[in-house]
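Architecture at a glance
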There are 2 protein chains.
Amino acid sequence: MEEYPSKLLGKAIDQLNTLPGVGKRTALRLALFLLRQSKAEVTDFGEAIIKLRTDINYCKQCYNISDEEICGICSNPKRIDEQICVVEDIRDVMAIENTAQFRGKYHVLGGIISPMDGIGPSDLRIEELIQRLERDSVEEVILALSTTMEGDTTNYYLYKQLKDKNVKVSTLAQGIASGDELEFADELTLGRSIINRIPYESTFAK
Amino acid sequence: MEEYPSKLLGKAIDQLNTLPGVGKRTALRLALFLLRQSKAEVTDFGEAIIKLRTDINYCKQCYNISDEEICGICSNPKRIDEQICVVEDIRDVMAIENTAQFRGKYHVLGGIISPMDGIGPSDLRIEELIQRLERDSVEEVILALSTTMEGDTTNYYLYKQLKDKNVKVSTLAQGIASGDELEFADELTLGRSIINRIPYESTFAK
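Thresholds applied
- Residues numbered from 1 in each chain as written.
- Chains lettered and ligands numbered in written order.
- Predicted model: local features only at pLDDT ≥ 70, side-chain atom pairs only at ≥ 80, totals over all residues.
- Heavy atoms only, no water.
- Least-squares fit on C-alpha atoms with pLDDT ≥ 70 in both.
- Contact = heavy atoms within 4.5 Å.
- Buried < 20%, exposed > 50% of the residue type's maximum accessible area, 1.4 Å probe, protein only.
- Helix = DSSP H or I, 4+ residues; strand = E, 2+ residues; numbered from the N terminus.
- Pairing = 2+ DSSP bridges.
- Right-handed = clockwise from strand over helix to strand, strands pointing away.
- Domains from an automatic or database assignment.
- 1 Å grid on protein atoms, 1.4 Å probe; cavity = no way out; pocket = protein on both sides within 12 Å on 5 of 7 lines; lining within 4 Å.
- Points joined across faces, edges and corners; volume = space filled by probe spheres on them.
- Nonpolar A, V, L, I, M, F, W, Y, C, P; charged D, E, K, R; others polar.
- pLDDT = per-residue confidence, 0-100.
- Salt bridge = Lys/Arg side-chain N within 4 Å of Asp/Glu carboxyl O.

Focus on the relation of the copies chain B and chain A
Of the transformation placing chain B onto chain A, the axial shift is 0.0 Å and the rotation is 180°, giving an RMSD of 0.1 Å. The two molecules are tied by a two-fold rotation axis, judged by turn and shift. Looking at the rotation axis and the C-alpha trace of chain B, the residue lying nearest is B:Gly46, at 2.2 Å. Counting the interface residues of chain B, we find that 100% of their copies in chain A are interface residues as well, pointing to one common contact surface.

Things to note about the pairing of strand 4 (residues 105–108) of chain B
In regular strands, side chains alternate between the two faces of the sheet. All names here are of chain B. Because side chains alternate across strand 4, one face comprises the buried residues Lys105 and His107, and the other comprises Tyr106 and Val108, equally buried. Inspection of the sheet shows strand 3 (residues 83–87) paired to strand 4 by four bridges, in the parallel sense. Its bridge partner lying in strand 4, Ile84 is registered against Lys105. Handedness of the crossover joining strand 3 and strand 4 through helix 4 (residues 90–99): right-handed.

A short note on the domain arrangement of chain A
According to the domain assignment, chain A consists of domain 1 (7–55) and domain 2 (80–172). Using C-alpha coordinates to define each centre, domain 1 of chain A is positioned 35 Å away from domain 2 of chain A.

Considerations on the environment of A:Cys74
Residues and elements named next belong to chain A. Mapped onto the elements, Cys74 comes out in the loop between strand 2 (65–66) and strand 3 (83–87). Along the sequence, Cys74 and Val108 sit 34 residues apart, while their C-alpha atoms lie 12 Å from each other. Apart from the residues lying within four places of it in its own chain, the contact partners of Cys74 are Cys59, Gln61, Cys62 and Lys105.

Things to note about unusual backbone geometry
The backbone of A:Tyr63 shows a phi angle near 65°, a positive value even though the residue is not glycine. Relative to the elements of secondary structure, A:Tyr63 occurs in the loop between strand 1 (57–58) and strand 2. Phi at B:Asn166 is positive, roughly 65°, even though this residue is not glycine. Tracing the backbone shows B:Asn166 in the loop between helix 6 (149–162) and strand 6 (168–171).

So, the layout of surface pockets
By volume, the largest pocket amounts to about 1000 Å³. Around the largest pocket, the lining comprises 25 residues; the ones closest to its centre are A:Thr171, A:Leu172, A:Ala173, A:Gln174 and A:Gly175. Within the residue set of the lining of the largest pocket, elements represented by two or more residues are helix 4 (90–99), strand 5 (140–143), helix 6 (149–162) and helix 7 (187–195) of chain A. When the residues that make up the lining of the largest pocket are grouped by side-chain class, the tally is eleven nonpolar, eleven polar and three charged. There is about 820 Å³ of room inside the second largest pocket. B:Leu172, B:Ala173, B:Gln174, B:Gly175 and B:Ile176 are the residues nearest the centre of the second largest pocket, which is lined by 20 residues in total. Along the lines of polarity and charge, the residues of the lining of the second largest pocket split into nine nonpolar, ten polar and one charged. Three or more residues apiece are contributed to the lining of the second largest pocket by two domains, here domain 2 (82–172) and domain 3 (174–206) of chain B.

Some points on the pairing of strand 6 of chain B
All names here are of chain B. Pairing geometry for strand 5 (residues 140–143) and strand 6, over four bridges, is parallel. What sits directly across from Val141, in strand 6, is Val169. Taking the sense of rotation as the criterion, the β-α-β connection linking strand 5, helix 6 and strand 6 turns out right-handed.

Overview of the confidence of the model for chain A
Low pLDDT means the predicted coordinates in that region are not meant to be read closely. Residues and elements named next belong to chain A. Chain-level pLDDT for chain A is 90 on average; 98% of the residues reach the 70-or-more range. Across chain A, strand 4 (residues 105–108) holds the top mean pLDDT of 96, while helix 7 sits lowest at 83. The ipTM for the predicted assembly is 0.77, set against a pTM of 0.75.

A short note on empty space enclosed by the protein
Residues and elements named next belong to chain B. All told, the structure shown has one cavity of 30 Å³ or more when counted by the stated rule. Put simply, the largest cavity is a space of about 40 Å³. Lining the largest cavity are Gln61, Ile80, Asp81, Gln83, Ile84, Lys105, Arg132, Asp136 and Val138. Taken together, the residues that form the lining of the largest cavity break down as three nonpolar, two polar and four charged.

Focus on the pattern of salt bridges
Residue and element names in this part refer to chain B. In total, this model carries 14 salt bridges over all chains according to the counting rule given. Here Arg79 makes a salt bridge to Glu97, at a shortest N to O gap of 2.9 Å. One end of the pair, Arg79, is in the loop between strand 2 (65–66) and strand 3; the other, Glu97, is in helix 4, with 18 residues separating them in the sequence. For Arg79, a relative accessible area of 12% gives the class buried. Overall, the relative accessible area of 28% leaves Glu97 in the partly exposed class. Between Glu134 and Lys165 there is a salt bridge; the shortest N-O distance is 3.6 Å. Taken together, the positions of Glu134 in helix 5 (residues 126–135) and Lys165 in the loop between helix 6 and strand 6 put the pair 31 residues apart, joining distant regions of the chain. A relative accessible area of 58% places Glu134 in the exposed class.

Written out as structure tokens, the structure is:
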């Protein structure tokens, strides 16, 4: 435990140290950086962070972060109601939006099932997804979670919840990434890409 | 430029993005982490940072960060006035204090001369150092700056300012680091360590 010459500095370092990926040494570097900024700049910085947490809203339909009651995607008349893409958090929404390949809407779970981190199904917005299916004219649920053990577990749990709901349940294609050299692909991915091979014609004009 | 679904989120990300070493992607990760914490925790976080900048004090003698008018080192009667160690910032004070090899006091410049960053001698607490020499019974000034081009420039500038002041000006020994293998030492360091070789007896009982 290092000793700091100031309690104010020690407290700020302890707080910065709570951020993921920020150790004591980086926290000290960040604190010294902040001390070199103007009082107005640092006050803006701190207030933007406090406001983020205290004033943030979530879309009442898809639970994505939003300043409005209903987010821009859910309220967009060009987006179709028939497809719902289930994702872990806002980063995945942004990643899929960047592809411009999805015209449906999202459902943000707010995490994935992870017994190690103490996150179970009841901590996620699964009940809200099922209510949405019963309310709206949803035809297909696309499970777009990470291909990790936790993602697979969550996918399977969701599949069991959804299979009697009269919706098609699909998941993202797994296979060789664009630009990858075959010899460096891992066995599992390569094996799945053979099992789930697609008609060559379907790759045209994409 | 990514588009965020919330202005509050966008503003918090822009602010986190100003921190050194934090890109847009990391800023988003940090913002999502903060959203998962309680309101009380995030408020404490933001307030600790604002208070750091608005309430911080610097020791009136050595300009180290301090909650008191005079810092714990300057007010410690066991520390001698005859030696002043000149450093760039508080991290260097902490590093030297950790060695427990220095009984004198410090003078924190608050930076080093760096024309690239627009930092000149007048931005540093050099005038205050000279006033200290004229006021106190200082016998030796130890220049303990980084051995970079900026550090060397600052050392030389300080040397010119101090050489008529009737104090001994010394600087940290440069040489092979403890535990280093000789064959991997760079030429400049190895060359200096030969030129500045020391009596073997002086390495006993250290």
